[in-house]
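Take a look at the letters that make up each chain.
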Amino acid sequence: FVLPHTRGSSHGQTRIIRKAYEQDFYTQMMDECYKLWSQLEREAGVTLYRQTGLLVMGPEHSDSYLLYKNTMERNNVPMVILTPENFSQHIPNVILAEGDGALVDINAGVLYADRALKTVQGQFQKLGGVIRDKEKVTDITPGPVVTVSTSAGIYRAKSLVITAGPWANKLLAHIGLQLPLKVEKMNVCYWKEKVPGTYDVKKRFPCFLLTEGEESDRHIYGLPSNEYPGLVKICFHIGAETDPDHRDKQTDRSDIGILQHFVARCFPGLIPEPAVVESCMYTLTPDSHFVLDCHPAYSNIVFGAGFSGHGFKFGPIIGKLLCELSLGEVPSYDLSPFRIRRFQGNTKSAL
Ligand SMILES: Cc1cc2nc3c(=O)[nH]c(=O)nc-3n(C[C@H](O)[C@H](O)[C@H](O)COP(=O)(O)OP(=O)(O)OC[C@H]3O[C@@H](n4cnc5c(N)ncnc54)[C@H](O)[C@@H]3O)c2cc1C
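Within an unreviewed UniProt entry, the label attached to the chain reads FAD dependent oxidoreductase domain-containing protein, and the organism entered is Pogonophryne albipinna. For the record of the chain, the UniProt heading Sequence similarities (unreviewed entry) holds the text "Belongs to the MSOX/MTOX family." In its Cofactor (unreviewed entry) section, UniProt records this for the chain: "FAD".

K.L.:
Sorry if this is basic, but what is going on with helix α4 (residues 113-126) here?
P.N.:
Given 3.6 residues per helical turn, the α-helix brings residues three or four places apart onto the same face. Here α4 contains 14 residues, and its C-alpha end-to-end distance of 20 Å stays within 8% of the 20 Å for a straight helix at 1.5 Å per residue. Burial in α4 covers these residues: Ala113, Ala116, Thr119 and Gln123. All buried residues of α4 fall inside an arc of 120° around its axis, so they share one side. On its buried side, α4 packs onto β1 (14-17), α1 (24-44) and β6 (109-112).

K.L.:
Quick question: what am I supposed to make of the nonpolar core here?
P.N.:
Soluble globular proteins: nonpolar side chains tend toward being buried together. Formed by 50 residues in total, the largest nonpolar core has its most connected members in Trp37, Leu54, Val56, Phe290, Leu292, Phe314 and Phe338. It is α1 that provides the largest number of residues to this core, a total of seven residues. Counting residues domain by domain, this core receives three or more from each of domain 1 (14-114 + 184-280) and domain 2 (158-181 + 287-349). Among the nonpolar cores identified, the runner-up in size contains 26 residues, and Val94, Phe208, Val232 and Cys266 belong to it.

K.L.:
Would you mind going over the site of the ligand with me for this structure?
P.N.:
By nearness alone, 27 residues border the ligand, and His5, Ser10, Ile16, Val137 and Cys280 come closest of all. Take Ile16: an N or O atom from its main chain is 2.7 Å from an oxygen atom of the ligand. Here a nitrogen atom of the ligand sits 2.8 Å away from a polar atom, N or O, in the main chain of Val137. When the free accessible area of the ligand is taken as 1,000 Å², the share hidden by the protein chains comes to 84%. Broken down by secondary-structure element, the contributors of at least two residues to the shell around the ligand are β1 and β17 (270-284). Split by residue class, the shell around the ligand holds 14 nonpolar, nine polar and four charged. Here the shell around the ligand gathers at least three residues from each of two domains, domain 1 (14-114 + 184-280) and domain 2 (158-181 + 287-349).

K.L.:
It is not clear to me how the sheet that holds strand β10 (residues 160-162) should be interpreted in this structure. Could you clarify?
P.N.:
Sheet strands associate in pairs through backbone hydrogen bonding, adopting either a parallel or an antiparallel arrangement. Reading across the sheet, the three strands line up as β10-β19-β18 and stay open at both edges, with mixed pairing between neighbours. The open sheet has two free edges, formed respectively by β10 and β18 (291-294), since each of these has just one partner strand. On average, each strand axis in the sheet is tilted by 10° relative to the strand beside it, whichever way the strands run. Relative to strand β19 (residues 301-305), β10 runs parallel, the two being bridged by three bridges. In the sheet register, Val161 faces β19, and the bridge partner there is Val302. Its contacts with the sheet place helix α7 (residues 315-326) against β10, β18 and β19, and it is angled at close to 15° to β18.

K.L.:
Hey, could you run me through the pattern of salt bridges in this one?
P.N.:
Close approach of charged atoms lets side chains of opposite charge pair. Evaluated as defined, the whole model comprises 13 salt bridges. One salt bridge in this structure joins Lys19 and Asp31, with 2.5 Å as the shortest N-O distance. Placement of Lys19 in the loop between β1 and α1 and of Asp31 in helix α1 is noted, with a sequence separation of 12 residues between them. Looking at Asp31, the relative accessible area reads 39%, which means it is partly exposed. Note that Asp243 and Lys170 form a salt bridge whose closest N and O atoms lie 3.2 Å from each other.

Cut-offs and rules
Residues numbered from 1 in each chain as written. Predicted model: local features only at pLDDT ≥ 70, side-chain atom pairs only at ≥ 80, totals over all residues. Heavy atoms only, no water. UniProt positions renumbered as here; feature names shortened; annotations may be inferred. Helix = DSSP H or I, 4+ residues; strand = E, 2+ residues; numbered from the N terminus. Expected span 1.5 Å × (residues − 1). Buried < 20%, exposed > 50% of the residue type's maximum accessible area, 1.4 Å probe, protein only. Arc of directions from axis to C-beta. Contact = heavy atoms within 4.5 Å. Core = buried A, V, L, I, M, F, W, Y, C linked by side-chain atoms within 4.5 Å. Domains from an automatic or database assignment. Near = heavy atom within 4 Å. Polar contact = N/O pair within 3.5 Å; in protein donor to acceptor, adjacent residues only side chain to side chain. Areas by Shrake-Rupley, 256 points an atom, 1.4 Å probe, with all protein chains shown as cover. Nonpolar A, V, L, I, M, F, W, Y, C, P; charged D, E, K, R; others polar. Pairing = 2+ DSSP bridges. Axes fitted to C-alpha atoms, helices over the stretch in contact; angles between N-to-C directions. Salt bridge = Lys/Arg side-chain N within 4 Å of Asp/Glu carboxyl O.

Put into structure tokens, the structure is as follows:
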């Protein structure tokens, strides 16, 4: 597709950036990630991050909530723990369910996603990189020199990095590899404020994440109104399976019912009917951890895939790690959670 496009996973104006995670390794990688985003902002002279904080809510004694809280405590992530007594003073116009705990990851915020992509592409070109969009990769032939055929030509390189998002398995098929990836279409819902500005980013309303609730044991998350004035983005972390080449054939809206119930219960300042619904895709691995690895037979072919709906904030580190792998360097982080050998039996290799 011609860049920018809305057919994959990275479009839209905003993504959440946070250190609040269930696993130490993500929280620890975010340290450097914040620094790299800020370096990019300085080098390009643009603003890509806005601090809003991230409110994490969930049943106080549940594993799902405690995993976040404990990881943050262990890693000294700056946070504020709210109580049922002081909650509404800090977070007005949100109902905290009885028995729910609440904390705020103070340095979390919003990344301006489409601006970030444009900036990265611009910096890449400034450094001599060439972007060839509107050019479909149709074949890959491995070897000491990799050959990539596209709709417009043939390229040869000593090493190749593949990051095809929801199309990862379609591309990996050319090199005899299939990963256990599931592509889901996500309904990206925007909810109208009854009084404009109630949940606005300018009023310092935070991003939020509900670990589990009355409606579901899966995450519901949201961002303050920002890109569309008067509209708050609130989404369910589960979608319905689709084929990326036929995304919109999937018309399931069962998540919207779950969200309507949640909005009516917890956000009294929103109309519990989505005003805008857009589409995006997740590419999920069975454990929701990324895939960052080399091809088992051709170490000069490296791939990043399966970002499972939480990869954007890690963009700079993912780029750094894929670069290290392609240069044969020792990766800066332990990649064992991201290697394909964890899928033993699930990875089909035709080689
Ligand atoms: C609704 C939604 C909300 C999200 N919220 C967050 C969040 O708050 N925080 C966060 O960190 N992450 C979030 N994510 C996840 C994050 O956006 C994704 O993990 C990330 O954008 C994935 O990027 P990607 O490069 O893997 O895929 P993509 O952006 O889809 O890029 C893949 C590219 O490969 C190209 N391509 C594929 N096949 C070929 C081919 N044969 N030839 C040429 N080009 C090809 C595609 O055209 C596309 O441009 C969210 C995702 C969604 C959908």
